[in-house]
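Next come the chains, spelled out residue by residue.
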There are 2 protein chains.
Amino acid sequence: MSDEIRRSMPLFPISIVKSLTDLSARQIRYYEEHNLVHPARSEGNRRLFSFNDVDRLLEIKALIEKGINLAGIKQVLSMQEVPDNEPMDQEQVEEIHNDLSEKELRRMLQQELHTAGRYGKSSLRQGELSRFFH
Amino acid sequence: MSDEIRRSMPLFPISIVKSLTDLSARQIRYYEEHNLVHPARSEGNRRLFSFNDVDRLLEIKALIEKGINLAGIKQVLSMQEVPDNEPMDQEQVEEIHNDLSEKELRRMLQQELHTAGRYGKSSLRQGELSRFFH
DNA sequence: TTTTCATGTTAGATTTCTTAACATCTCTTG
DNA sequence: CAAGAGATGTTAAGAAATCTAACATGAAAA
């Protein structure tokens, strides 16, 4: 709970996120433009990313590398959105089975974590940045 | 071990560190100038702070608030430096007992963590930033 | 072949950060 | 008390990082 607060604190400038995700600034901004991430802004309008944001970008990257386009990724990410509690209706269940099952997704996103030799050139995978820092 | 790597990754610009520690940029730079912290630098010479750096600044702040001056803080921090393995010689032991015992220090630094209402205005205490994020 | 998608590149404006200098305030100390 | 030292604030000028917007491009879709 307070965990969610920590993980959503705006902390990183885009330069750090670039090195953390190995995405280009252009890509990051493009994904934001298409509502896949929503970094906060500084007073001076600079993007500030949270751990959650970075995790999300890592997920996006993994999906991109699977050959999934932005529309597909948007779908997938929306499916991940906290089920809150509401039991899914039949439509939702079918959607999941049509595209990628939750399970499959999880597996897809759950891979080993590996850092390259130098800082700023790490190449993390899946939505696991949070586990990286503790 | 790999933990140490994570905690020493240069991640934060000074603006974020300011809000995380509630220290002024002037203070942060002054402490660096006097070798109390050693943030990394970006290619363009911007300071980049790690979790360890921020923790250290929070410790410094706590000590400042105790009325200890920079010389004293330098002492205290050097005492905290990983004992590596080497058993301390008598001199060191006496130093510790003269100034502040390890125990006393620990207690001093171990206090509850509290965030202010708004992000960017948190007022963390002691060297516990790492515990804040996980 | 023409569009659309995803990304690269570039330019100009704006923000953030850097160092250095000087100001100020509080302690010490002679 | 006056002088110096320590810690911090404030300001200026320049450099670095980021922003948006526009245009370019290659690959895939239609």
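Bear in mind the structure is a predicted one, so any value in this text is a computation, not a measurement. (Residues numbered from 1 in each chain as written. Chains lettered and ligands numbered in written order. Predicted model: local features only at pLDDT ≥ 70, side-chain atom pairs only at ≥ 80, totals over all residues. Heavy atoms only, no water.)

Asks: Sorry if this is basic, but what is going on with the overall build of chain A here?
Replies: Each helix and strand counted, chain A has eight helices and two strands in total. When each of the 134 residues of chain A is scored for burial, the buried share is 42%. Residue pairs at least 24 apart in sequence account for 57% of intrachain contacts in chain A once pairs closer than 6 positions are excluded. When the accessible surface of chain A is summed, it comes to about 7900 Å², and 47% of that surface belongs to carbon and sulfur atoms. (Helix = DSSP H or I, 4+ residues; strand = E, 2+ residues; numbered from the N terminus. Buried < 20%, exposed > 50% of the residue type's maximum accessible area, 1.4 Å probe, protein only. Contact = heavy atoms within 4.5 Å. Areas by Shrake-Rupley, 256 points an atom, 1.4 Å probe, with all protein chains shown as cover.)

Asks: So what exactly am I meant to see when it comes to the environment of serine 8 of chain B here?
Replies: Inspection of the secondary structure assignment puts serine 8 of chain B in the loop between helix H1 (2-7) and helix H2 (14-21). Sequence-wise, serine 8 of chain B and aspartate 53 of chain B are 45 residues apart; in three dimensions their C-alpha atoms are separated by 7.5 Å.

Asks: Please explain the protein's contact with DNA strand C as it appears in this structure.
Replies: Contacts to DNA strand C come from 18 residues, most closely from Ser24 and Arg26 of chain A together with Ser15, Arg46 and Arg47 of chain B. Measuring from a base oxygen of DNA strand C, one finds a side-chain N or O atom of arginine 46 of chain A at 3.0 Å. Here a phosphate oxygen of DNA strand C and a side-chain polar atom of arginine 41 of chain B are 3.2 Å apart. Put simply, the parts of the chain that give the surface near DNA strand C at least two residues each are helix H3 (25-33) of chain A together with H2 of chain B. The leading source of residues in the surface near DNA strand C is H3 of chain A, at four residues. (Near = heavy atom within 4 Å. Polar contact = N/O pair within 3.5 Å; in protein donor to acceptor, adjacent residues only side chain to side chain.)

Asks: Sorry, what's going on with H2 of chain B here?
Replies: Counting along an α-helix, one turn takes 3.6 residues, and residues three or four places apart therefore face a common direction. Residue and element names in this part refer to chain B. Of all eight residues making up H2, six are buried, and the element is well covered by its neighbours. Among the residues of H2, those classed as buried are Ile14, Ile16, Val17, Ser19, Leu20 and Thr21. Immediately downstream of H2, the backbone of aspartate 22 shows phi near 65 degrees, a positive value.

Asks: Teacher, can you tell me more about the pattern of salt bridges here?
Replies: Where side chains of opposite charge bring their charged atoms close, a pairing between them can arise. Residue and element names in this part refer to chain A. Counted under the stated rule, the structure contains 12 salt bridges over all chains. Aspartate 3 is paired through a salt bridge with arginine 6; the nearest N and O atoms lie 3.6 Å apart. With a gap of three residues between them, aspartate 3 and arginine 6 both fall in helix H1 (residues 2-7), about one helical turn apart. One salt-bridge network, held together by shared partners, links Asp22, Lys61 and Glu65. (Salt bridge = Lys/Arg side-chain N within 4 Å of Asp/Glu carboxyl O.)

Asks: Teacher, can you tell me more about the protein's contact with DNA strand D here?
Replies: The immediate surroundings of DNA strand D are formed by 18 residues, with Ser15, Arg46 and Arg47 of chain A together with Ser24 and Leu70 of chain B found nearest. Considering DNA strand D, the proportion of its atoms within 4 Å of the protein that are sugar or phosphate atoms stands at 69%. In this structure, a phosphate oxygen belonging to DNA strand D sits 2.2 Å away from a side-chain N or O atom of arginine 47 of chain A. Serine 42 of chain B places a polar side-chain atom, nitrogen or oxygen, 3.1 Å from a phosphate oxygen of DNA strand D. Where the surface near DNA strand D is concerned, the elements lending two or more residues are helix H2 (14-21) of chain A together with helix H3 (25-33) of chain B.

Asks: Please clarify how the side chain of glutamate 32 of chain B should be interpreted in this entry.
Replies: Residues and elements named next belong to chain B. Mapped onto the secondary structure, glutamate 32 falls in helix H3. Assessed through its relative accessible area of 15%, glutamate 32 is described here as buried. Polar contacts involving the side chain of glutamate 32 include one to the side chain of arginine 41, which spans 3.4 Å. With residues near it in sequence (within four places) discarded, glutamate 32 still touches Val37, Pro39, Arg41 and Arg47.

Asks: Please explain the packing of aromatic side chains as it appears in this structure.
Replies: The relation between two aromatic rings is expressed through the spacing of the ring centres and the mutual angle of the planes. Counted by the stated rule, this structure contains six aromatic pairs over all chains. Judged by centre distance (6.3 Å) and plane angle (15 degrees), the ring pair of phenylalanine 51 of chain A and phenylalanine 51 of chain B falls under stacked. Of this pair, phenylalanine 51 of chain A sits in helix H4 (residues 51-65) while phenylalanine 51 of chain B sits in helix H4 (residues 51-65), on two different chains. A relative accessible area of 3% places phenylalanine 51 of chain B in the buried class. An aromatic cluster of three or more residues is present, and its members are Phe12 and Phe51 of chain A together with Phe12 and Phe51 of chain B. (Phe/Tyr/Trp six-rings, centres within 6.5 Å; stacked < 30°, edge-to-face > 60°.)

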